[in-house]
Amino acid sequence: FFSCSGGRTEDALAVWGTDVPYLCSVASPGEEAAQYDRDSVTFSREALEAALGISLGEDKGSWVGVATFTEGGGVEAMELGGQRFTGVYLRKALGLRSTAFTVTVEEGGLRFDTRGYGHRVGLSQYGANAMAKDGADWQEILCHYYPAAQLVQGELPA
C-alpha cells in the first residue's frame, strides 16, 4: 500500500521488475483530497546535472527527450541530457513523490510535476478511504485494489 496514486495505481512489474498478478494497475478515483495528489519541484540546471551525473548542454531544446509511460501512467523511461533514465531511478535520484510526472523546461532548470505519493503499487490509502466513504466494504475495496487475489475464510494457524 501507499499514500495516493494520482488517479491510477501501477503494476508491480513497472516498479519492481517482478510480475505479481494481483498487483496490477487499476483506477483509483477520489484521491483529490490527498495532501500530495499533485506536487511540483524545480531543479536548477546545475543541481540536476549534479544529481544525475550528466551535462544538459547549452541547447534547452535538447534537455528533455523521448519519454515512455507505463499502463499506470508513470514514467517508464525518459531521456534527459541525451541519456536514458528509468522513472523509478529518477524518482529516487531526485526525491520525487512518484514516477507519475511530467517535465517542463524553465529558465535555468527543469520543473517536475508529480501526481500521487509513493510507489503506487497495490492499495491507495486515500483511494480506499474514498471508496469506504462511498459505501464500499472492506471486501469490495480489497477486490478492487487486488483484482487477481481471492478472499477466503479460514482459521489462522496457531
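Scroll up a little and you will see the structure.
Let me sum up the structure you'll find in this document.

The rules behind each value
Residues numbered from 1 in each chain as written. Predicted model: local features only at pLDDT ≥ 70, side-chain atom pairs only at ≥ 80, totals over all residues. Heavy atoms only, no water. Helix = DSSP H or I, 4+ residues; strand = E, 2+ residues; numbered from the N terminus. Buried < 20%, exposed > 50% of the residue type's maximum accessible area, 1.4 Å probe, protein only. Polar contact = N/O pair within 3.5 Å; in protein donor to acceptor, adjacent residues only side chain to side chain. Pairing = 2+ DSSP bridges. Axes fitted to C-alpha atoms, helices over the stretch in contact; angles between N-to-C directions. Contact = heavy atoms within 4.5 Å. Arc of directions from axis to C-beta. Phe/Tyr/Trp six-rings, centres within 6.5 Å; stacked < 30°, edge-to-face > 60°. Lys NZ or Arg CZ within 6 Å of the ring centre and 35° of its normal.

### Overview of the environment of D59
Phase 1 of the analysis: The residue D59 is located in the loop between helix 2 (45–52) and strand 2 (64–69) in this model.
Phase 2 of the analysis: Residue D59 is classed as partly exposed on the basis of its relative accessible area, which comes to 49%.
Phase 3 of the analysis: Separated by 22 residues in sequence, D59 and G81 have C-alpha atoms that sit 9.7 Å apart.
Phase 4 of the analysis: Here G61 takes part through its backbone nitrogen, which lies 3.0 Å from a polar atom of the side chain of D59.

### Regarding the environment of A130
Phase 1 of the analysis: With respect to the helices, strands and loops of the structure, A130 is situated in helix 4 (residues 125–133).
Phase 2 of the analysis: Take A130: its relative accessible area is 16%, and that puts it in the buried class.
Phase 3 of the analysis: Each C-alpha atom, one on A130 and one on E31, is 7.0 Å from the other, the two residues being 99 residues apart in sequence.

### Thoughts on the sheet that holds strand 3 (residues 75–80)
Phase 1 of the analysis: With antiparallel pairing, 3 strands are arranged side by side in an open sheet as 2-3-4. Strand pairing shows two members of the sheet lacking a second neighbour, strand 2 and strand 4 (83–86), which therefore form its edges. Averaged over all adjacent pairs, the angle separating strand axes in this sheet is 15°, with direction ignored.
Phase 2 of the analysis: Relative to strand 3, strand 2 runs antiparallel, the two being bridged by 4 bridges. In the sheet register, A67 faces strand 3, and the bridge partner there is M78.
Phase 3 of the analysis: Helix 3 (residues 87–94) contacts strand 3 and strand 4 of the sheet and is inclined by roughly 85° relative to strand 4.

### Thoughts on helix 3
Phase 1 of the analysis: Turning to helix 3, its buried residues are G87, V88, L90 and L94. All buried residues of helix 3 fall inside an arc of 165° around its axis, so they share one side.
Phase 2 of the analysis: Just downstream of helix 3, G95 is the residue with a positive phi angle, here 70°.

### A few points about the packing of aromatic side chains
Each aromatic ring pair is summarised here by two numbers: the centre-to-centre distance and the angle between the ring planes.
Phase 1 of the analysis: In the structure shown here, the tally under the stated rule is 5 aromatic pairs.
Phase 2 of the analysis: An angle of 85° between the planes, with centres 5.6 Å apart, marks the rings of F43 and F112 as edge-to-face. In this pair, F43 sits in strand 1 (residues 38–44) while F112 sits in strand 6 (residues 109–115), placing the two residues 69 residues apart along the sequence.
Phase 3 of the analysis: Look at F43 and you get buried, because its relative accessible area is 14%.
Phase 4 of the analysis: By the ring-pair criterion, three or more aromatic residues cluster together here, those being F43, F101 and F112.
Phase 5 of the analysis: Its end group placed over the ring of Y36, R97 keeps NZ or CZ at 3.5 Å from the ring centre.
Phase 6 of the analysis: If you follow R97 out to its NZ or CZ, it ends over the ring of Y117, 4.8 Å from the centre.

### Considerations on the side chain of R45
Phase 1 of the analysis: One can find R45 in helix 2.
Phase 2 of the analysis: On the basis of relative accessible area, R45 is assigned to the buried category, the value being 17%.
Phase 3 of the analysis: At 3.0 Å, the side chain of R45 and the backbone oxygen of G57 are in polar contact.
Phase 4 of the analysis: Sequence-distant contacts of R45, that is, excluding residues within four places in its chain, are made with L56, G57, E58, W63, G108 and G109.

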